[in-house]
Amino acid sequence: QTIRWHIELQPWASATPSLNYEASRFLKYISTSQISCEHMNLNSLKGYSETSKKPWSICLDERFSLIHRIRSKQCRLYSLGLGNDDNQFELSMANSGCEVHRFDPSIKSAHIQEGRHLWYHRLSIDWRDPNPAIAAHKLHSNTKKLGTVLNEFGHQKIDVLKADVESAEWKILENLILEDVVEQIGQLVFEVHIHWPGFEVSGNDSTVVRYWYSLLRELELKDFRLFHTYKDLSKPQMFLKKEAFNASSCYTLSWVNTRWK
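Quantities reported herein were computed from a predicted structural model and do not represent experimental measurements.

Rules behind the numbers
Residues numbered from 1 in each chain as written. Predicted model: local features only at pLDDT ≥ 70, side-chain atom pairs only at ≥ 80, totals over all residues. Heavy atoms only, no water. Helix = DSSP H or I, 4+ residues; strand = E, 2+ residues; numbered from the N terminus. Rg over C-alpha atoms; globule rule 2.2 N^0.38 Å. Buried < 20%, exposed > 50% of the residue type's maximum accessible area, 1.4 Å probe, protein only. Contact = heavy atoms within 4.5 Å. Lys, Arg positive; Asp, Glu negative; His and termini not counted. Charge placed at Lys NZ, Arg CZ, Asp CG, Glu CD. Core = buried A, V, L, I, M, F, W, Y, C linked by side-chain atoms within 4.5 Å. Polar contact = N/O pair within 3.5 Å; in protein donor to acceptor, adjacent residues only side chain to side chain.

### Points about the overall build of the chain
Part 1 of the reasoning: On a plain count of helices and strands, the chain comes out with seven helices and 10 strands.
Part 2 of the reasoning: Computed over its C-alpha atoms, the radius of gyration of the chain comes to 18 Å, within 12% of the 18 Å expected for a compact globule of 261 residues.
Part 3 of the reasoning: With respect to the three principal axes, the spread of C-alpha positions in the chain is 55 × 50 × 40 Å.
Part 4 of the reasoning: Expressed as a percentage of the 261 residues in the chain, the buried residues total 52%.
Part 5 of the reasoning: For the chain, long-range pairs separated by at least 24 residues make up 67% of all intrachain contacts whose partners lie at least 6 apart in sequence.
Part 6 of the reasoning: Positive and negative side-chain charges in the chain, numbering 32 and 31 respectively, have mean positions lying 2 Å apart.

### What to know about the nonpolar core
Part 1 of the reasoning: If you look at the biggest cluster of nonpolar residues, it comprises 51 residues, and the most contacted ones within it are F26, L146, W170, L188, W212, L216 and F239.
Part 2 of the reasoning: A total of eight residues in this core trace back to one element, the largest contributor, which is helix α7 (residues 205-221).
Part 3 of the reasoning: Filtering out sequence-adjacent residues up to four positions away, F239 remains in contact with L19, A23, F26, L27, I194, V209, W212, A244, F245 and A247.

### Thoughts on the environment of H155
Part 1 of the reasoning: On the secondary structure map, H155 appears in the loop between α5 (146-153) and β7 (158-164).
Part 2 of the reasoning: For H155 and V192, which are 37 residues apart along the polypeptide, the C-alpha to C-alpha distance reads 26 Å.
Part 3 of the reasoning: With residues up to four places along the chain from it excluded, the contact list for H155 reads R76, Y78, E99, H101, L150 and Q184.
Part 4 of the reasoning: In this structure the side chain of H155 is engaged in a polar contact, spanning 3.3 Å, whose partner is the side chain of E99.

Laid out in structure tokens, this is it:
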């Protein structure tokens, strides 16, 4: 198997590169559900009152595997975060019997188990593994790619990957696609930030938006379908540092891997 170093970029949205065309194509894409999902939160399971500050929507329709794996207590959630104290979604997934792993570099100990189903790990999930030569530099010593963590933990599959990583999501998503790790994931719930290009994403504005769009099209090619979009109106309404296109700086997007039945 040949290693891919770059994702395939989609053709430009117009005959000549134009931010207006790229932005409207991208925003339309992230605002349009590709598949319908009728049961999207844990309230549909008995005895839950969901009080999450954000709608981390997962698809619990019978035709997908997640609801069956929750019922049989076989589901696994990985949650990637950066010092965020809102863990209501993780707690409710753990309470429903899922094995929950929360990765956050701000956690005080290397590994903490809370209750039967919830683990906290002082790890930053990133798009690169640390170089052993500089592992002594504390900054990167607890940074790992998701594929590396899956191998180390002996996990073949993740039913839900939730990520709120403050603009590292584009490069993490690219890494998951390039290394085919995304195929080991049943559902993705990602907060995406579009007020700036994101960590290590370069190029002019229209190039950046074309890259974002191309990444999401790669998910579609791998049989992921977008079923829910939450536009966060509490955040600044910014698109690449401009008040433009009626865009929020932050969206939460949920996909289901339709290969996982």
